[in-house]
Each structure stands twice: as structure tokens, then as C-alpha cells.
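Letter by letter, the chains look like this.
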Amino acid sequence: MSEVGESGFPPEYVSSDQLSRRQLVLRRGRLAAVLALVLAGGLVLPFPLHGRLWAEIFDLAHAPAFFATLLCLVGFFDPAAAGVPSAQTLVPMTFHRAVLVALGLTFVGLTGEFLQKFANRTPSWGDVAANSAGLLAALFWIAAFTQQRGRRVLLLVAAVSMLSLISLDPILQIEDCVQQIRSFPLLASFERNRELGGWWPEEAEIERSREWASDGQYSLKIMTRPAWFTGASMECLNRDWTTCRRLLLDIFNPQKETLTLTIKLYDQKHKADGFESNDRFEHSVVVPPDSRITVSIPFADVTAAPEYRDMQLNNMAGIELFSVNTRQPHVYFVDHVRLEP
């Protein structure tokens, strides 16, 4: 008895067209599976790269990644639907079918964001919005190839415009990160609109302010709430401080009460080891009422601060200003955070 092939017929009765089509289905199916795995991995798996700059780069990638994924998945089955009419169609992809694929990818994106909290990553509704914008732009792109020339151009412009709009803020944040890196040894001037992207409040509110400044026109205004731990922290984009000898920053207390703050400096090892209290540098400062002071922290003290090692000045991670056991709101200003070469 002759052997039966996958098509239900003996191999000698299977046409070369059927074989080539089957091979094409397998090849494109493998590509689709690989693409889906890459997208799922990118959404869920932890990344070894952290910090504001990398976070903005990942934010920038969301919309284009989902845009490209939907076009590729639709194009694997029906290249003409994605704008490549010269390739062979395996399954006609109507706009309705493309919408179903987009809904499936939306579910993948939502699931990925939910699972991120189990992978030491931070879920974000902003990421969900970027994913959705990328999918909507791809649907505009797909719909364009079902229309006549005039409407096709409008839909293609809409797709590109949507991608550009959702990508604008991450691009501007990346540009600000580059400016901050170039301004070293100045760490923070607060003269740029997006500079607050590198600062995080803790039981407080922060804003750029023109009410007071020691250098330029703007400073950082920190408005704390009653809490056990309250203040603000800054990520160090320029991590190598070995060419400098001290940290300087100006603090202004506009209130009638004395302000007591603690300034904390720490390196990447301290961050990776879980922020142990004996593995960092801390310095307390007292700012009298309606007064400005310049805080000067020598790096000789910073290096020797960890109990069992030296601080890694070539791999610094962050600066924190905080108060402990605050029972009433406070307002103070910080400006001209810099290193002295």
C-alpha cells in the first residue's frame, strides 16, 4: 500500500503548488509564532537595563511594536492587506478579521501588563494606551488598502500621525535625558520643562517654580505631607562621579519653622542589594526659617559611609531628600544641584 501524505493523498499525487503552499504556510506560521513569543517576552520578562533613559526608550517602543506586530500577523496570511500585494495570499484578511486580530493583541497587552508585577516590573496604563494607539494606527493602515487613492492617503496619514503623536512625549523625554547627561557635572538646574521626569516624590508634591531660584529662573518646589517618610528623590543619569570631589546643592526654607532634612546618596550596589540602611551615605541638614543654605558633601565622607565596603563613586544611582515623622506640611525649594570637579 502506498504511503499517504499530509494532504490525504500519496506524495506522488500532491502537486508542486500544494507542496510550496504548505511550505509557505509552515514558514510564515513559524515567523508568526516567533513574533508572538518576542512580543510576549518583551511585555513580561524583566530587563537588566533600568533607569529613566531606558524607561523612556521602552515607552517609545510600545506603539511601534504593536503597530508592526499587527501588520506582520495580518501580512503573514494576506500580504496585500498590509500593503504588499506582490506576495502570495494564504488566507484573505478582511478588515473585520484584522480587527479580531487587533482585539487578540489588545488582550495580550493587557495580560502582559498584569503579569509585569510578578516580574519585578511596573504595570502602566500609559503602556496600555500606547499599545492601543499602535494597534489603531495599524488598523488605519490596513483600512487604507481597501480604499481609493484619496481616502487611502488620508488613512495612511492618520496612521503615521497617530504613531508620531503617541511617540512625541517619550522622544522629548529622551532628548531631555541626553541634555542632562551633557550638562554634567551639573545634575539639576530645573530650567528645562521636562527635567522633573528624573525626580520622584514620596508623600509629597513637586513642581518647577519661579518663586525662588539660586541659579537661573527656576527651582524645584517640594510640598510635603504629614507622613513617616516624605520628600523627593533623583535618579543619577551620570553615574561616574570619580572626577569630582563634592556634591553641592542649594536649599531655601521660606517658612517660619526650622526645616530638618536628610540627604541620602547611594550607588547601584546599594540599590541592587535591597537598600540596606548601613550601606549608604546620609547627612542631616538644618535650614533656619526664611533662610537659604548651600549644602556641601565631600566624597571622602561618601566613600567611607557604607559599613562593610567603599561606596562605588563610578556607579552612583541616586540622591534623596527626605524628612522623617513629619507631623505638618512643609514647603521648601532645591536648586543648582551640581558636582564640584
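Note: the structure precedes this text.
Being a predicted model, the structure only gives us computed values, none of them experimental. (Residues numbered from 1 in each chain as written. Predicted model: local features only at pLDDT ≥ 70, side-chain atom pairs only at ≥ 80, totals over all residues. Heavy atoms only, no water.)

Time to look at the overall build of the protein chain. Within the protein chain one finds 7 helices and 11 strands. The 341 residues of the protein chain split such that 41% are buried. Carbon and sulfur atoms make up 59% of the accessible area of the protein chain, which totals about 18400 Å². (Helix = DSSP H or I, 4+ residues; strand = E, 2+ residues; numbered from the N terminus. Buried < 20%, exposed > 50% of the residue type's maximum accessible area, 1.4 Å probe, protein only. Areas by Shrake-Rupley, 256 points an atom, 1.4 Å probe, with all protein chains shown as cover.)

A few words now on a nonpolar patch on the surface. On the surface, F114, L115 and F118 cluster together to form a nonpolar patch covering roughly 330 Å² of accessible area. One can find F114 in helix α3 (residues 95–115). (Patch = residues over 30% accessible without salt bridge, like charges linked within 9 Å, V, L, I, M, F, W, Y side chains within 5 Å. Salt bridge = Lys/Arg side-chain N within 4 Å of Asp/Glu carboxyl O.)

Right, let's talk about the nonpolar core for a bit. One finds L247, I251, I263, L265 and I319 to be the most contacted residues of the largest nonpolar core, which totals 37 residues. Among residues more than four places away in sequence, those in contact with I319 are L187, A232, S233, M234, C236, W241, L247, I263, K264, L265, Y266 and V337. Counting 23 residues, the second-largest nonpolar core is a separate cluster that includes L39, L71, V74 and A98. (Core = buried A, V, L, I, M, F, W, Y, C linked by side-chain atoms within 4.5 Å. Contact = heavy atoms within 4.5 Å.)

Here F275 lies in the loop between α6 (268–272) and β8 (281–287). The class of F275 is partly exposed, set by a relative accessible area of 37%. If sequence neighbours within four positions are ignored, F275 has contacts with Y266, H270 and R280.

Turning our attention to the pairing of strand β7 (residues 259–267). Successive side chains on a regular strand alternate, one facing one side of the sheet and the next facing the other. Judged by how many residues are buried, β7 sits mostly within the fold: 8 of 9 residues are covered. For β7 and β8, the ladder comprises 7 bridges, and the chain directions are antiparallel. Looking across to β8, one finds that I263 is bridged to H283. The pairing of β7 with strand β10 (residues 316–326) spans 6 bridges and is antiparallel. Within the sheet, the bridge partner assigned to I263 lies in β10 and is L321. (Pairing = 2+ DSSP bridges.)

Taken as a whole and judged by the stated rule, the model has 10 aromatic pairs. Relative to W141, the ring of F67 lies with its centre 6.0 Å away and its plane at 90°, an arrangement referred to as edge-to-face. Residue F67 is found in helix α2 (residues 52–77), and its partner W141 is found in helix α4 (residues 125–144); the two are separated by 74 residues along the sequence. The class of F67 is buried, set by a relative accessible area of 13%. (Phe/Tyr/Trp six-rings, centres within 6.5 Å; stacked < 30°, edge-to-face > 60°.)

Let's shift gears to the pattern of salt bridges. Applying the stated criterion to the full structure yields 15 salt bridges. We note a salt bridge from R192 to D176, for which the minimum N-O separation is 2.6 Å. With R192 in the loop between β1 (186–188) and β2 (199–202) and D176 in helix α5 (residues 149–182), this pair connects stretches of sequence that are 16 residues apart. For R192, a relative accessible area of 16% translates into the label buried. Judged by relative accessible area, D176 falls into the buried class, the value being 3%.

This brings us to α5. In an α-helix, one full turn covers 3.6 residues, which means residues spaced three or four apart are oriented alike. Over its 34 residues, α5 runs 47 Å from end to end, which matches the ideal 50 Å to within 8%, given 1.5 Å per residue. Maximal helix bending in α5 amounts to about 40°, located at L168; proline P170 follows within four positions. Those residues of α5 lying buried are A159, L163, S167, P170, Q173, I174, D176, C177 and Q180. Tucked inside the fold, the buried residues of α5 contact α2, α4, β1 and β5 (227–235). (Expected span 1.5 Å × (residues − 1). Bend = angle between axes of the 7 residues up to and from the residue.)

The residue T230 is located in strand β5 in this model. For T230, the side chain forms a polar contact with the main-chain oxygen of E203, separated by 2.7 Å. Setting aside its immediate chain neighbours within four residues, T230 contacts E202, E203, A204, T224, R225, L321, F322, S323 and T326. (Polar contact = N/O pair within 3.5 Å; in protein donor to acceptor, adjacent residues only side chain to side chain.)

A few words now on the packing of α2 against α3. Running from N to C, α2 and α3 cross one another at 140°; their axes reach a closest spacing of 10 Å. If you check the angle between α2 and α3, you find them oblique. For the pair α2 and α3, the crossing hand works out as right-handed. Facing α2, whose interface residues are H62, F66, T69, L70, L73 and V74, α3 presents A98, V101, A102, L105, G109 and E113. The class makeup of the residues in the contact of α2 with α3 is 8 nonpolar, 3 polar and 1 charged. (Axes fitted to C-alpha atoms, helices over the stretch in contact; angles between N-to-C directions. Parallel < 35°, antiparallel > 145°, perpendicular 65-115°, else oblique. Left-handed = near helix turned anticlockwise from the far one by under 90°. Nonpolar A, V, L, I, M, F, W, Y, C, P; charged D, E, K, R; others polar.)

Turning our eyes to something else, we now look at the pairing of strand β4 (residues 219–224). Counting buried residues in β4 gives 6 out of 6 residues, a clear majority hidden from the surface. Summarising the sheet, strand β3 (residues 204–209) and β4 pair through 6 bridges and their orientation is antiparallel. Counted as the bridge partner of A204 is T224 from β4. Looking at chain direction, β4 and strand β11 (residues 330–340) are connected through 5 bridges and run antiparallel. Residue M223 lies in a different strand from β11, and its bridge partner there is V331.

Turning our attention to the packing of α2 against α5. The contact between α2 and α5 brings their axes to 9 Å, and the two run at 160°. Taken together, the axes of α2 and α5 are roughly antiparallel relative to one another. Read as a crossing pair, α2 and α5 show a hand that is left-handed. Counting all contacts with α2, which are made through R52, L53, E56, I57, D59, L60, A63, P64 and F67, the residues of α5 involved are L163, I166, S167, P170, I171, Q173, I174, D176, C177, Q180 and I181. Tallied by class, residues from the contact of α2 with α5 come to 13 nonpolar, 3 polar and 4 charged.

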